[in-house]
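# Examining the three-dimensional arrangement
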There are 4 protein chains.
Amino acid sequence: MVNVSFSQALQALVELGRQYLERPTAGSDIEKFASRCRDLVSLLGEASGTALASEIVDRYLDLPSDRRLEALARLDRDFAPDAAGISDAARKFLSSPTQESYRDLAIAMETPRLELFRRLNMAPGGTAAIVNMRRLLLPRMRGTPELQGLEYDLKHLLSSWFNRGFLQFERIDWRTPAIVLEKLIAYEAVHEIGGWDDLRRRLAEDRRCFAFFHPALPDEPLIFVEVALTHGLAARIHDLIEAPFDGAADDKPGTAIFYSISNCQEGLAGISFGNFLIKQVVDALQTELPHVAQFATLSPVPGFRNWLDGLADEDLPHQILEDARKVPDGGDWCGDDTARERLRPILTRLCATYLLTAKRGNRPADPVARFHLGNGASIERINWEADLSTRGIEQSFGIMVNYLYDPGRIVSNHEAFAVDGRIAASSAVSRLAADHHGR
Amino acid sequence: MVNVSFSQALQALVELGRQYLERPTAGSDIEKFASRCRDLVSLLGEASGTALASEIVDRYLDLPSDRRLEALARLDRDFAPDAAGISDAARKFLSSPTQESYRDLAIAMETPRLELFRRLNMAPGGTAAIVNMRRLLLPRMRGTPELQGLEYDLKHLLSSWFNRGFLQFERIDWRTPAIVLEKLIAYEAVHEIGGWDDLRRRLAEDRRCFAFFHPALPDEPLIFVEVALTHGLAARIHDLIEAPFDGAADDKPGTAIFYSISNCQEGLAGISFGNFLIKQVVDALQTELPHVAQFATLSPVPGFRNWLDGLADEDLPHQILEDARKVPDGGDWCGDDTARERLRPILTRLCATYLLTAKRGNRPADPVARFHLGNGASIERINWEADLSTRGIEQSFGIMVNYLYDPGRIVSNHEAFAVDGRIAASSAVSRLAADHHGR
Amino acid sequence: MVNVSFSQALQALVELGRQYLERPTAGSDIEKFASRCRDLVSLLGEASGTALASEIVDRYLDLPSDRRLEALARLDRDFAPDAAGISDAARKFLSSPTQESYRDLAIAMETPRLELFRRLNMAPGGTAAIVNMRRLLLPRMRGTPELQGLEYDLKHLLSSWFNRGFLQFERIDWRTPAIVLEKLIAYEAVHEIGGWDDLRRRLAEDRRCFAFFHPALPDEPLIFVEVALTHGLAARIHDLIEAPFDGAADDKPGTAIFYSISNCQEGLAGISFGNFLIKQVVDALQTELPHVAQFATLSPVPGFRNWLDGLADEDLPHQILEDARKVPDGGDWCGDDTARERLRPILTRLCATYLLTAKRGNRPADPVARFHLGNGASIERINWEADLSTRGIEQSFGIMVNYLYDPGRIVSNHEAFAVDGRIAASSAVSRLAADHHGR
Amino acid sequence: MVNVSFSQALQALVELGRQYLERPTAGSDIEKFASRCRDLVSLLGEASGTALASEIVDRYLDLPSDRRLEALARLDRDFAPDAAGISDAARKFLSSPTQESYRDLAIAMETPRLELFRRLNMAPGGTAAIVNMRRLLLPRMRGTPELQGLEYDLKHLLSSWFNRGFLQFERIDWRTPAIVLEKLIAYEAVHEIGGWDDLRRRLAEDRRCFAFFHPALPDEPLIFVEVALTHGLAARIHDLIEAPFDGAADDKPGTAIFYSISNCQEGLAGISFGNFLIKQVVDALQTELPHVAQFATLSPVPGFRNWLDGLADEDLPHQILEDARKVPDGGDWCGDDTARERLRPILTRLCATYLLTAKRGNRPADPVARFHLGNGASIERINWEADLSTRGIEQSFGIMVNYLYDPGRIVSNHEAFAVDGRIAASSAVSRLAADHHGR
């Protein structure tokens, strides 16, 4: 299909429309911004929509970042829901809850804000601007409850737009455009990418990288996962991150290790794609590499030390508390071979207990465990001296965990976990924890 | 970017998931369909989402079309909004209309149906299935008011998904895949395309065709417009439709005639793209062909004869009624040169009056006039003997109209029309109508 | 990679160059054509190459086809090899056949014609024009020996350009651009395609079509093969060509039948791609459809009746001549069940003998047999009443043959055939022929 | 068009073929290599061509680089032209130089080497391997005259394959795949690219980069040119190379400066694309940026100091020699303001004289001048203190030159230069040189 370059065409449309927009607007920059937004949801918006939306997006992006929040607050006020209209419709629904009164209430609930954002989305870069608005709002939610409605509307809209059915699953490799690759360097959240050479190694023949994209943000990965093809479960992150690629990848690896998964768009926080991505990657690898039979992660245990530090106050089996007392405070033991060997059984045992029993509500306290177990994975192995970086030592005494994604058990694991809170674990890990209880 | 074929990957994911779905379901096909839908919005849906969504879509498509409506009615009931929950939230909002109570009401209003459709959208072909569900519902809305809520939810969802910002503007020509081209033949609503040879002529070098697509329906145009490049305003549709292409298109045409615009997806009725498309085409043509300076339509006048037939009863200036009385009932005059010449001034005058004065509410009675005037066009010329097909004679005595899209006036025309109902027309057309009033 | 549209850029380059070409040229159109060609290989050609090449191609294409041959003859004379220079170099080589004298002779042999064609290739459409020049020449070769050198140069050049390594192997289906699909309808040489509906059936889910393309002729297949996916060897061509597609293709076919292979470019005659294409298709199908285990053709036997008609004069085993005498001349027996049944064993036996023993030189007399056996196929089965079209009856009494491409035997079959002329055949076919000899 | 991934398909074809290649080959690696090559041009090659070609390419690439030359020498011997056959044909041609004897001689001249390379080209990576073979040969040509014939054949073949008509003109920017971008860093020959950050700056919005590609080497630019968009002629290379991009590029630049042009493939030396590339870039920029009206280079003068150093011996106007005597030997004057100011008029005058009068044969002695003047450019301006790098000072005392590509004069400049050796120069530059002669 001969493709009239979309962005070029949009840009030209914007140019065309600018001429219609030569109306003077008085007042401050935020005043002008708000005035243009009113134009957009008015009659004028129908005729010169794209140009007007584009002007508004530009005005917003031209604001210094501290004033953007002010602009959003202004939008919130100017395009707030119509409380009187909602109240009327709510009363009618209460007196007669029919299909019709439901529908009328739904229409009354449609805030002018939503219509404004829908029209802003016509601008080139509109979707990106809206994602960025939410990114700005999210960290301020605690201090500014009056923006909750606005944030709710944005999340509602973005959830709808970024429906899983619209996401594009793509492999990322050294043939990917540089404009996308530089985002990987910027967004890698777990194990920092040190630059283009490091990136290239992570995209070598014995590695895989996959991401979700949305058609409206073609150069922006939403989430990406890095995979190493190995022989057997990987036990140390540095073997994956720093191992040079020897150029020969012809022997057939049997294991795929998911060693990093990074969300890229803060403005899409809470709209989760991660579980879909992992399942899709398992599937893509099974198709491409039939000899890969084992799918597992090499994951951090970010909450382990914090949990240990807080143990003293808890009512727990005395073996646990006893073990916990043997763990020194700092990291000096790292350099001491004897200390390390003495701590190894204690800490791996404690870690198994942490993963299998520590809860927030009725779900695992550890956020990484929560994510993978919720996806249907099981706890396969606890690896000692797996991450000797400062952060690794601080968070979890250098321990990392392999979560196993067994295609034949994902569904049953997921359900047992979701319904009963049951955590799937290998017998080795279960036994480690059992030492703390059954003895 | 190396693109792991998305549909292939999705298909494989579906295969993978099928194994998890081997649970027996008792009861009728609709019973099973509803049961699977309940699974999808439950915990199970999180783990085997794509496979489950795909099974549901298949089950739906396998139903005979008369039972599909039954299935939808079942969905409507099983996933209806929670009246009690809404009532509670509505009461709280009425007693204290804050950001928080607004938000809680909005959450209560989120029907299970919406969540179901959002998850169905994960299936390959999910979006298409949902569009088709609304297509099935729409013609039954009058007889089944109890489905209004469902239809409202579907329209709400589809409006959000098919936001203008996500549509892709593409040129269609002889390099377009056949799977898209055959849709043009199927969907052309105004001037039927007689087959591949006819289609090819409409895509020749002196013609243009543009369409909007959505990424989730890559082979399905949403709306398309056909354009002829001419020297001056075209006065007869058959000169455009039937003129053979002479192979030489090197002299520079100055006019672009939009001679057909067709909506393709009945399931998206009421979610309008037409005005955006015309503006984008004007722009694309200005970029590609700087020598084209005039943009106009050659449009039918579908309501003209109906209006004339109902005139007798109305209280109108006597010149109009007098003219109207001179118009014979059938179409016999067509073959009679003298009759034609006699009727020509009478009918063109009446048509001008119809377009400029006949109203439904405060907008033009003629639907085509309503569309183009609402977009900012003006009535440029009334063409006698412009469409001599049976339908053309029946609807409008063979008259067609050129609506002019003057890039410099689109916005002002639109606003005058939207705010004051003022209709922009050339002096020639205005004078024709004036004969009926000012004399 | 952002792709500056190549043909657009070339076109613009041509426009740019045209201004430099305003030199008047006197004389006839062919005179002007030849004069421009001289400019192109001169100094001027270096600076305004693309524009000049493009003008020459246009001039050539504007000639009526009977004058194009005249133009080529003119080129042949004006850009003939330099006999004196070649003679000098030849003499030097004869007196001292060194690397250097070889090289100098090679340089002397480089005809101005070759340089001219290499420069013409810069024009948009240049490659296509050169292919068409050879297409024009080929059928005239017998009558005009003086054009042999020109034809040789063209073939030499095109062989180099259309090297197998540069061909692109592509699947053709209903997503292929119409501009390519219409070529299939035009070029299908074996079993005519009746129009777009027929074409669509041949591209349905239970069919495959593959072609070679060259980057310089993006809309022109060079050769394509049509494949039917079946259960077991197909015995009748009409079952493949006319069978409607029932929409369900989910049971896994085990056999791929190559039922038509068509060369598209007469100007590339003698530059063969067919054997490469078949092998590549076998491979592509093995990858896509692992359940397909058998690859075979359903092929005509174009030389069978001709051979039979000429048999009387040959010195052959009497059983053959006896059988041959039993075959009636016309096609009347077709409608007579008894005659058909009587002829069946006789004709299948004769056909086996024809395929296995009739030779032209030391290779099979039948051109289709020559092609497939030369590729490493074996004769698997002779099918009675396989092609009841007029042509089928006339050529081969309705008989068609399955040639088998067994991936494990292609190489050994090919070598036995190439070295010793040994023909691979199934025992059934061998036995049929043996009846004529061994009895 | 659904594209069966070509390289994947080829790879699979290769795998398929490997099984046929299990014949033991005795002897050294080069022996085996040569033996496989003989297989390839033999009957075996027809059936298992791609697999065999691929094996040969792999064998070649596996050789240590010093033994590759040995392998090539072996090829040269084993596949040498048939001197006896050529001699026969040469004698026939001499006795009767007809179309037929020409053709027969041409056929005899076709060396087995050529056929071997044509078949090698079927392998994945075949074209690249052949380009690399010539790259290996070229620097050894002086020492090994016996390889001249081989080198000639390779050049002949590559010239044909890399015909301008098959090259793809592409823009390179930050959306280009990383695998291509890293080649720019590797191949930039004029002004080294310091890494990815430097590269990104050279691809910013106020820069352009264009390259030629060949379909058989999709990830390898053949030649690329870097362009800066400026206001007026650029006078200093460091202003272009080191200027940070300020992010705002909205004011319309009027000049395009070609500041670097790099050939990438040593194996294609002598097969020139540079002049085509520059003309195509001029055209692409005129289309994209109509406001750019001036096209010029900022080029080094690599032969200037060498020429000056050799002047003493030449018979030249005394003003030149006098000026030349005033030029100090080293680079100490660089740091001395007075010295610099004193040398400026002397050196610019000498440089003008060098460019306009110094010859090698009848063409300019300076290789850069030769290239641009041969393309139809003119000498526009001599820039003092334009390149203060060590190399800039050493080669040309820091002087650089703007060559002007005036679209309206390219052809006439080219012809005057080619026919009469006349050099186009601005009056300012001509006057500078005239000071040395006319006074």
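So, here's what we can say about the structure. Predicted model only: the values in this text are computed from it and were never measured.

## A closer look at the interface of chain C and chain D
Taken together, the contact pairs 86 residues of chain C with 86 residues of chain D. For the pairing of chain C and chain D, the buried interface totals around 7,500 Å² over both sides, and the portion due to carbon and sulfur atoms is 63%. The tally of links from chain C across to chain D stands at zero salt bridges. Joining chain C to chain D, the criterion identifies 17 residue pairs in polar contact (both at pLDDT 80 or more). Across the side of chain C that touches chain D, the residue classes tally to 45 nonpolar, 22 polar and 19 charged.

## Focus on the relation of the copies chain C and chain D
After a rotation of 180 degrees and a shift along the axis of 0.1 Å, chain C superposes on chain D with an RMSD of 0.1 Å. What the rotation and shift describe, once combined, is the action of a two-fold rotation axis. Most of the interface of chain C is mirrored in chain D: 100% of its interface residues are interface residues there too.

## Overview of the interface of chain B and chain C
Listed as interface residues are 11 residues of chain B and, on the opposing side, 11 residues of chain C. Taking both sides of the interface into account, the surface hidden between chain B and chain C amounts to around 1,100 Å²; carbon and sulfur atoms contribute 52%. On the chain B side of the interface with chain C, the three residues burying the most area are W174, R175 and W196 of chain B, jointly 48% of the side's total. On inspection of chain B and its partner chain C, the count reaches four salt bridges. One salt bridge connects R200 of chain B with E182 of chain C, and the closest N-O pair in it is separated by 2.5 Å. Counting the contacts that link chain B with chain C gives 10 residue pairs in polar contact (both at pLDDT 80 or more).

## As for the side chain of R305 of chain B
Residues and elements named next belong to chain B. Mapped onto the elements, R305 comes out in helix α14 (residues 304-309). Of the side chains with opposite charge, D309 comes closest to the buried, unpaired R305, at an N-O distance of 5.3 Å. Residues contacting R305, with those up to four places away along its chain left out, are P328, D329, G330, I393, E394, Q395 and F397.

## Some details on the nonpolar core
Counting 200 residues, the largest nonpolar core has F304 of chain C together with F304 of chain D as its most contacted members. Ignoring any residue separated from it by four or fewer positions in sequence, one finds F304 of chain D in contact with L347, L350, C351, Y354, D366, Q395, S396, F397 and I399 of chain D. Judged by nonpolar contacts, the second largest core, of 199 residues, contains L154 of chain A together with L52, V227 and I320 of chain B.

Analysis parameters
In this convention, every chain numbers its residues from 1, walking through the sequence in written order. Here every chain gets a letter starting at A, and every ligand a number starting at 1, in the order they are written. The model is predicted, so local features are restricted to residues of pLDDT at least 70 and side-chain atom pairs to those at 80 or more, both for listing and for counting; the totals for chains, interfaces and linings are taken over all residues. Side-chain figures throughout are based on the complete set of non-hydrogen atoms in the structure, without hydrogens or water. Contact definition: two residues touch when any of their heavy atoms are within 4.5 Å. We define buried area as the total accessible area lost by two parts upon association, computed with a 1.4 Å probe and summed across both. Should a side-chain nitrogen of Lys or Arg be within 4 Å of a carboxyl oxygen of Asp or Glu, the pair is scored as a salt bridge. Under this definition, polar contacts are N or O atom pairs within 3.5 Å; protein pairs additionally need one hydrogen-donor-capable and one acceptor-capable atom, and for neighbouring residues in sequence, both atoms have to be side-chain atoms. Residue classes follow a fixed rule: Ala, Val, Leu, Ile, Met, Phe, Trp, Tyr, Cys and Pro count as nonpolar, while Asp, Glu, Lys and Arg count as charged, and any other residue, Gly among them, counts as polar. Here the copies are superposed with least squares, the fitted atoms being C-alpha atoms of residues at a pLDDT of at least 70 in both. Think of it this way: any DSSP run of H or I at least four residues long counts as a helix, any run of E at least two long counts as a strand, and we number them from the N terminus. Accessibility here uses a 1.4 Å probe with only protein chains present; expressed as a share of the type maximum, an area under 20% marks a residue as buried, one over 50% as exposed, and anything in between as partly exposed. In this charge count, Lys and Arg are treated as positive and Asp and Glu as negative; neither His nor the chain ends contribute. We call a set of buried Ala, Val, Leu, Ile, Met, Phe, Trp, Tyr and Cys residues a nonpolar core when their side-chain atoms join them within 4.5 Å.

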